[in-house]
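Spelled out, the chains give:
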Amino acid sequence: MPFEPADRLQALPPYLFIEIDRKRREAIAAGKDVINLGVGDPDFPTPKFIRKRMAVALDDPRNHRYPFDEGVPEFREQAAKFMKQRFGVEVAWQRELITLIGTKEGLGHLPLAVVNPGDHVLVPQPAYPVYQAASIFAGGVPYHMPLTEANGWLPDLSAIPSNVARSASLMFLNYPNNPTGACATIELFTEAVEFARANDLVIVHDAAYSELYFDQRPNSILEPPGAKDVCVELHSLSKTFNMTGWRIGWAVGNTDVIAALAGIKSNMDSGQFNAIQQAGTEALAHADHVEVKGCLDVYRERRNVLVDGLNKIGFGVTRPEATFYVWARCPEGYTSMELAGRALDEASVVLIPGIGFGEPGDRYVRAALTVEADRIAEAVKRLAAIDW
Ligand code: PLP
């Protein structure tokens, strides 16, 4: 009998990066010097003080057993301290905070805890594709909130029809934003909290890039009054501490939603390796360490090289305030696929076509600042040599 994947997998939008992936592999196989601005994965090692703590934790046999389901208390307590110090948000970690195996895991599981089949889920576009996929896996019906340059990449909540808002059980938000690099205003967060309370829905705010900023510190959605009635925020150690491979983060916010998420997780995973949580505790206790904050200066320099370079070529780029992404408007007449195709064919530069983040992204490409400044300068030089 031929195997057919389950309907929920077939319901996902098509994977649009296949063509770019194929071309990238061909270029590498042909011996071309490919500059990959596609991958959002820090190119710095995890800071030494974190690795040292991990080495000690690894040698402790108590850590070799099943982890604590909801996370080790010391990690959760330290994450709560971080929320207080960084955002001024008080957290009762025993009830309001659990460890995640990375924010992606939390995003994937959260709709299963909140959404009933047929409920609307409010999903921004362009966006990290997991919001849409996780909503569909839970039987939800995504309703897209377009993010546009004109509205500063913030959703227009007043444009959501009231019947959709009433039948929605969950809204995803993500600031600092992937792919646009935009930051939310505290006014947006306040408005979103009021909207969620009025429509009886839960907000999950993905704050995976909250520490990757250049000037002003991004806010937490848990700051406005009453936010904990309706919000859960997901945090990650991945980008802040160059720990993408370690898989650790946390979910914090509304007690009932956190308990429901823990209920799903206890049936799906058995928590993160205790040793990683202990290393994560060390990381959070020294979030201002020079090995951590020093990366921001490097990203800033790379950002300036790329933004200035692309603007000279005629791509429309606003200098991002946060994240390590640059979101560039394609020159007139190009779709994102056409532009990324030419960049790869003629300059061996990998850019991510914006259409992969949803329809409103189709006039843009995303570049990640995770290669050295001189390679970025080389990429700009090659792109400038193309007759756009
Ligand atoms: N959220 C966004 C917006 C991301 O871009 C990513 C990874 O690229 C993640 C979450 C996943 O982060 P983590 O490594 O914590 O799972």
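Residues numbered from 1 in each chain as written. Predicted model: local features only at pLDDT ≥ 70, side-chain atom pairs only at ≥ 80, totals over all residues. Heavy atoms only, no water.

Draft legend 1. Up close: the overall build of the protein chain. Assigned secondary structure in the protein chain consists of 14 helices and 13 strands. The C-alpha radius of gyration of the protein chain comes to 21 Å, within 12% of the 21 Å expected for a compact globule of 388 residues. Dimensions of the protein chain, computed from the C-alpha atoms along their principal axes, are close to 60 × 55 × 55 Å. Looking at the 388 residues of the protein chain, the share that counts as buried comes to 57%. Of the contacts made within the protein chain by residues no fewer than 6 positions apart, 74% connect residues no fewer than 24 positions apart. Taken as a whole, the protein chain presents about 16700 Å² of accessible surface, with 52% of it coming from carbon and sulfur. Computed over 38 positive and 49 negative side-chain charges, the inter-centroid distance for the protein chain is 5 Å. (Helix = DSSP H or I, 4+ residues; strand = E, 2+ residues; numbered from the N terminus. Rg over C-alpha atoms; globule rule 2.2 N^0.38 Å. Buried < 20%, exposed > 50% of the residue type's maximum accessible area, 1.4 Å probe, protein only. Contact = heavy atoms within 4.5 Å. Areas by Shrake-Rupley, 256 points an atom, 1.4 Å probe, with all protein chains shown as cover. Lys, Arg positive; Asp, Glu negative; His and termini not counted. Charge placed at Lys NZ, Arg CZ, Asp CG, Glu CD.)

Draft legend 2. Layout of the domain arrangement of the protein chain. Taken domain by domain, the protein chain comprises domain 1 (7-45 + 290-384) and domain 2 (48-285). On a C-alpha basis, the centres of domain 1 and domain 2 stand 25 Å from each other. Opposite the 35 residues of domain 1 that make contact, domain 2 presents 34 residues. Of the roughly 3000 Å² buried between domain 1 and domain 2 on both sides combined, carbon and sulfur atoms contribute 61%. The interface formed by domain 1 and domain 2 holds one salt bridge in total. For the salt bridge of Arg329 with Glu149, the shortest nitrogen-to-oxygen distance reads 3.1 Å. Where domain 1 meets domain 2, there are eleven residue pairs in polar contact (both at pLDDT 80 or more). Counting residues per element, the ones that place at least two in the side of domain 1 that touches domain 2 are helix 1 (7-10), helix 12 (290-313), strand 10 (325-329) and strand 13 (364-368). (Domains from an automatic or database assignment. Buried area = accessible area lost by both parts, 1.4 Å probe. Salt bridge = Lys/Arg side-chain N within 4 Å of Asp/Glu carboxyl O. Polar contact = N/O pair within 3.5 Å; in protein donor to acceptor, adjacent residues only side chain to side chain.)

Draft legend 3. View of the site of the ligand. In the vicinity of the ligand, 14 residues are found, and the nearest of them are Thr103, Asp206, Ser236, Ser238 and Arg247. In the model, an oxygen atom of the ligand is placed 2.6 Å from a nitrogen or oxygen of the Ser238 side chain. Take Arg247: an N or O atom from its side chain is 2.7 Å from an oxygen atom of the ligand. Considering the ligand on its own, with 400 Å² of exposed area, one finds that the protein chains cover 92% of that surface. Most atoms of the ligand, that is more than half of them, are within 2 Å of grid points of the largest pocket. Across the shell around the ligand, the residue classes break down as four nonpolar, six polar and four charged. (Near = heavy atom within 4 Å. 1 Å grid on protein atoms, 1.4 Å probe; cavity = no way out; pocket = protein on both sides within 12 Å on 5 of 7 lines; lining within 4 Å. Sits in = over half its atoms within 2 Å of the grid points. Nonpolar A, V, L, I, M, F, W, Y, C, P; charged D, E, K, R; others polar.)

Draft legend 4. Summary view of the packing of aromatic side chains. A complete count under the given rule lists 16 aromatic pairs for this structure. With a centroid separation of 6.3 Å and 80 degrees between ring planes, the pair formed by Phe82 and Phe87 is classed as edge-to-face. A ring pair is formed by Tyr209 and Tyr325, whose centres lie 5.5 Å apart and whose planes are at 70 degrees; its orientation type is edge-to-face. Taken together, the positions of Tyr209 in the loop between strand 6 (202-206) and strand 7 (231-236) and Tyr325 in strand 10 put the pair 116 residues apart, joining distant regions of the chain. Under the relative-accessibility criterion, Tyr325 is labelled buried at 2%. Through a chain of ring-to-ring contacts, three or more aromatic side chains come together here, namely Phe44, Tyr209, Tyr299, Phe324 and Tyr325. The positively charged end of Arg342 is found above the aromatic ring belonging to Trp388, 5.4 Å away from the centroid. (Phe/Tyr/Trp six-rings, centres within 6.5 Å; stacked < 30°, edge-to-face > 60°. Lys NZ or Arg CZ within 6 Å of the ring centre and 35° of its normal.)

Draft legend 5. Structural view of the sheet that holds strand 13. The four strands lie next to each other as 9-10-13-12, forming an open sheet whose pairing is antiparallel. Bordering the open sheet on either side are strand 9 (316-317) and strand 12 (352-353), each of which pairs with just one other strand. Alignment of strand 9 against strand 10, held across two bridges, turns out to be antiparallel. Bridge assignment links Gly316 to a residue of strand 10, and that residue is Arg329. Against the sheet, helix 13 (residues 336-347) touches strand 12 and strand 13, its axis set at about 45 degrees to strand 13. (Pairing = 2+ DSSP bridges. Axes fitted to C-alpha atoms, helices over the stretch in contact; angles between N-to-C directions.)

Draft legend 6. Looking closely at the environment of Ala279. Topologically, Ala279 is positioned in helix 11 (residues 274-285). Taking the C-alpha atoms as reference points, Ala279 and Val298, separated by 19 residues in sequence, lie 24 Å from one another. Non-local contacts of Ala279, meaning those with residues more than four positions away in its chain, are made with Ile50, Arg53, Met54 and Trp246.

Draft legend 7. Representation of the pattern of salt bridges within the structure. For the structure on display, the rule yields 20 salt bridges. Asp21 is the partner of Arg24 in a salt bridge, and the nearest nitrogen-oxygen pair spans 3.9 Å. Of this pair, Arg24 and Asp21 both sit in helix 2 (residues 18-29), separated by three residues, roughly a single helical turn. For Asp21, a relative accessible area of 22% translates into the label partly exposed. Note that Asp269 and Lys265 form a salt bridge whose closest N and O atoms lie 3.0 Å from each other. Per residue, the accessibility class of Asp269 equals that of Lys265, and both read buried. Salt bridges here are not isolated pairs; linked through shared partners, they connect Asp33, Arg375, Glu378 and Arg382.

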